[in-house]
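An overview of the molecular structure
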Amino acid sequence: MSEKSKSEILREELFLKRKNGRLISDEEILKKADDYCVGYKQFLDLAKTEREAVKNAVDMAKKAGFTEFQRGKKYNAGDRVYFNNRGKTVAFAVIGKENAENGVNITAAHVDSPRLDLKPNPLYEDIELALFKTHYYGGIKKYQWTAIPLALHGVFALKDGTVKEVSIGEKDDEPKFVINDLLPHLAQEQSKRTLSEGIKGEELNVLVGSHPFKDDKGSELVKLNILKLLNEKYGVTEADFLSAELEMVPATKACDIGFDRSLVGAYGQDDRVCAYPALTAVLEVEVPQKTAIAILADKEEIGSEGNTGLNSDFLKHIIGDISKMQDCDYTVALRNSKCLSADVNAGTDPTFQDVMERRNASFLNYGVVVTKYTGARGKSSTSDASAEYVAEIRNMLDNAGIVWQSGELGRVDLGGGGTVAMYIANMGVDVVDLGVPVLSMHAPFETTAKFDIYMCYRAMYEFMK
Ligand code: MN
Ligand code: MN
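Overview of the structure.

Glancing now at the sheet that holds strand β10 (residues 206-209). Taken in spatial order, the 7 strands of this open sheet run β8-β7-β11-β5-β6-β10-β9, and their pairing is antiparallel. In this open sheet, the two strands that pair with only one neighbour each are β8 (163-168) and β9 (178-179). Against the sheet, helix α5 (residues 221-234) makes contact with β5 (115-126), β6 (129-137), β7 (150-157), β8 and β10, and its axis sits at roughly 130° relative to β5, the strand it touches most.

Right under this line is the structure:
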């Protein structure tokens, strides 16, 4: 064996090392990653909307001993509570040994994903076919949503206060829906449109039926028949669409990708690929030093607005409730608190490498991504974590043997994006983004690596334990 040269020794000492996590990890860890993703894929199939994600998360938490927080009740270290905000955002907390004034440890992921919402008055008939008008939610490439099977999820809220849950198109024997695209033979003019205009917003019309109600008189007999079916099943009339939240999502199931099964393919992995790790981690926290909080939030994809988004006072109120219970000041608690904003980053795609700056891009299987800042055009609209806080997180990850990498959201001035980090930072909390690299982000079917997902879970646990 030849001895190492001076430069080799020095290089080992001084250079930043980036290595494929599957290459440097033993079989046991890879097996754990595979096993962990079995539950993850099940969760993806059960939780295609924010409401379903919250419902399933609460069910899992109840089994793990969590109860709904009651104001005025005294909780002690190790007690497990949850705060359900309108069934669309939920926070799980395990009370720590220390008072909240010393700060709490927050992980924050989101459970809404890009999709097609039905318009308030969606149903119409044209050339004896019935369709739904939609208004897309979040950033999508519209052409990707045509000619794929869709399922309808959501609720009708009726005037008498009852809420009818809807889920059609997930079971094998259930019908599905589709947005049709133009055949290539007649797409000469369409093909001249730019990619973003290839399918326009008002062309995202979902086919929902073709059978006319049998009657010689009257018009819109197909639409009438659809309303009759909906009335029989849910007791609704056309006016009830006005107070509904109905979402068209891909009717596909989560699955393994690749001969080696090392990847996961599914709809809605942004950001359930971080929400599930945050959830499973908080369920495993026993008696933490500092109160551990995992939030699964709504509305991130449209800017975290609204009373179920993290740009609301919801998180402040939770920390306020816990602080009040411990007779301490919640503003002090916030200033001393720390957060991992658990959201995805863009993994480098072999086919589209030029949108990345390779030295600062994230790669599949290189572990969980720490993203110091997101934003666009000169770091606009990002919280940009402090060097001190990033150092703390580096130390935590390295000490726990968690494989991680740093990442940036693409080349400078090419585009950009944001997460909930800045809204939490605005409350005075230290925040950095940490999550899983994704391919085809915001597409109806996104790809992630099992190894990275497992490392994300380990990071969430390490941070809150
Ligand atoms: Mn996201
Ligand atoms: Mn997103």
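Additional details are given in the paragraphs that follow.
Time to look at α5. With 14 residues, α5 should cover 20 Å at 1.5 Å per step; its first-to-last C-alpha distance of 20 Å lies within 8% of that length. Taken as a whole, α5 has its buried residues at Leu221, Val222, Lys223, Asn225, Ile226, Leu227, Leu230 and Tyr234. At its buried positions, α5 is contacted by β5, β6, β7, β8 and β10. Positioned one or two residues after α5, Gly235 has a phi angle of 70°, which is positive.

Protein coordination at the manganese ion (ligand 1) comes from His110 (NE2), Asp270 (OD), Asp343 (OD) and Asp343 (OD), with a distance range of 2.1 to 2.6 Å. Donor residues binding the manganese ion (ligand 1) come from one chain and are separated in sequence as H-x159-D-x72-D. The distance between the manganese ion (ligand 1) and the manganese ion (ligand 2) is 3.3 Å, with Asp270 acting as a donor to both metals. Within this pair, whereas Asp270 is found in helix α6 (residues 269-284), its partner Asp343 is found in the loop between β15 (338-341) and β16 (345-346), the two being separated by 73 residues in sequence. Here Asp270 and Asp343 have matching classes, each one buried.

Spatially, β1-β2-β3-β14-β4-β15-β21-β17-β19 is the arrangement adopted by the 9 strands of the open sheet, whose pairing is mixed. The open sheet has two free edges, formed respectively by β1 (67-68) and β19 (404-406), since each of these has just one partner strand. Of the pairings in the sheet, the one linking strand β17 (residues 368-371) to β19 comprises 3 bridges and is parallel in character. Paired with Val369 across the strands is Gln405, a residue of β19. Packed onto the sheet, helix α4 (residues 50-63) meets β2 (80-85), β3 (89-94) and β14 (292-297) and runs at close to 20° relative to β3. Packing against the sheet, helix α9 (residues 387-399) makes contact with β15, β17, β19 and β21 (430-435), and its axis sits at approximately 45° to β21.

Okay, the nonpolar core next. By size, the foremost hydrophobic cluster in this structure holds 64 residues, and its most contacted members are Phe92, Leu434, Met460 and Met464. Ranked by the residues each element gives to this core, the list is headed by helix α11 (residues 450-464), at 10 residues. Beyond its immediate sequence surroundings of up to four residues, Phe92 is in contact with Ala57, Val58, Ala61, Phe66, Val81, Tyr82, Leu279, Val282, Ala292, Ile293, Ala294 and Leu296. Membership of the second largest hydrophobic core comes to 32 residues, among which are Leu118, Leu150, Val236 and Phe241.

Attention now goes to the coordination of the manganese ion (ligand 2). For the manganese ion (ligand 2), every protein donor is listed as Asp270 (OD), Glu301 (OE), Glu301 (OE) and His442 (NE2), and the spread of their distances is 2.1 to 2.6 Å. Read from N- to C-terminus, the donor residues coordinating the manganese ion (ligand 2) fall into the pattern D-x30-E-x140-H.

Across the interface, α6 lies against α11 with an axial gap of 8 Å and an inter-helix angle of 40°. Relative to α11, α6 is oriented oblique. Crossing hand, α6 versus α11: right-handed. Contacts between α6 and α11 involve Val273, Cys274, Pro277, Ala278, Thr280, Ala281, Val282 and Glu284 from the former and Ile453, Cys456, Tyr457, Met460, Tyr461 and Met464 from the latter. When the residues that make up the contact of α6 with α11 are grouped by side-chain class, the tally is 12 nonpolar, 1 polar and 1 charged.

Let us look at a nonpolar patch on the surface. Residues Leu10, Leu14 and Phe15 make up a contiguous nonpolar surface patch of roughly 340 Å² in combined accessible area. Relative to the helices and strands, Leu14 is located in helix α1 (residues 6-14).

We now examine the side chain of Ser304. Topologically, Ser304 is positioned in the loop between β14 and α7 (314-325). Apart from residues no more than four positions distant in its own chain, Ser304 is found in contact with Lys299, Gly309, Leu310, Asn311, Ser312, Val420 and Tyr423.

Relative to the elements of secondary structure, Ser362 occurs in the loop between β16 and β17. Among the residues examined, Ser362 registers a relative accessible area of 0% and is labelled buried. In terms of polar contacts, Ser362 uses its side chain to reach the backbone carbonyl oxygen of Ala346, at 3.1 Å. Contacts of Ser362, omitting those with residues within four sequence positions, involve Asn345, Ala346, Gly347, Thr348, Val369, Gln405, Ser406, Gly407 and Pro437.

A few words on the packing of aromatic side chains. Taken as a whole, this structure holds 15 aromatic pairs when the rule is applied. When the ring of Tyr36 is compared with that of Tyr276, the centres are 5.4 Å apart and the planes differ by 50°; the resulting orientation is tilted. Of this pair, Tyr36 sits in helix α3 (residues 27-46) while Tyr276 sits in helix α6, and the two are 240 residues apart along the sequence. Comparing Tyr36 with Tyr276 shows no difference in burial state: the two are buried. Among the aromatic residues, those joined into a cluster by ring pairs are Tyr36, Tyr40, Phe43, Tyr276, Tyr454 and Tyr457.

Given 3.6 residues per helical turn, the α-helix brings residues three or four places apart onto the same face. With 13 residues, α9 extends 18 Å between its outermost C-alpha atoms, agreeing within 8% with the 18 Å of an ideal straight helix rising 1.5 Å per residue. Taken together, the buried positions of α9 are Tyr389, Val390, Ile393, Met396 and Leu397. In a view along the axis of α9, the buried residues occupy a sector of 120°, so they form one face of it. Seen from the buried face of α9, the exposed residues on the opposite side, beyond 90 degrees, are Ala387, Glu388 and Asn399. On its buried face, α9 is in contact with β15, β17, β19, β21 and α11. One or two positions beyond α9, positive phi appears at Gly401, with a value near 70°.

Thresholds applied
Residues numbered from 1 in each chain as written. Chains lettered and ligands numbered in written order. Predicted model: local features only at pLDDT ≥ 70, side-chain atom pairs only at ≥ 80, totals over all residues. Heavy atoms only, no water. Pairing = 2+ DSSP bridges. Helix = DSSP H or I, 4+ residues; strand = E, 2+ residues; numbered from the N terminus. Contact = heavy atoms within 4.5 Å. Axes fitted to C-alpha atoms, helices over the stretch in contact; angles between N-to-C directions. Expected span 1.5 Å × (residues − 1). Buried < 20%, exposed > 50% of the residue type's maximum accessible area, 1.4 Å probe, protein only. Donors = N, O, S within 2.8 Å, 3.2 Å for Na, K, Ca; no water. Core = buried A, V, L, I, M, F, W, Y, C linked by side-chain atoms within 4.5 Å. Parallel < 35°, antiparallel > 145°, perpendicular 65-115°, else oblique. Left-handed = near helix turned anticlockwise from the far one by under 90°. Nonpolar A, V, L, I, M, F, W, Y, C, P; charged D, E, K, R; others polar. Patch = residues over 30% accessible without salt bridge, like charges linked within 9 Å, V, L, I, M, F, W, Y side chains within 5 Å. Areas by Shrake-Rupley, 256 points an atom, 1.4 Å probe, with all protein chains shown as cover. Salt bridge = Lys/Arg side-chain N within 4 Å of Asp/Glu carboxyl O. Polar contact = N/O pair within 3.5 Å; in protein donor to acceptor, adjacent residues only side chain to side chain. Phe/Tyr/Trp six-rings, centres within 6.5 Å; stacked < 30°, edge-to-face > 60°. Arc of directions from axis to C-beta.

None of the figures reported here should be taken as evidence of function without further support.
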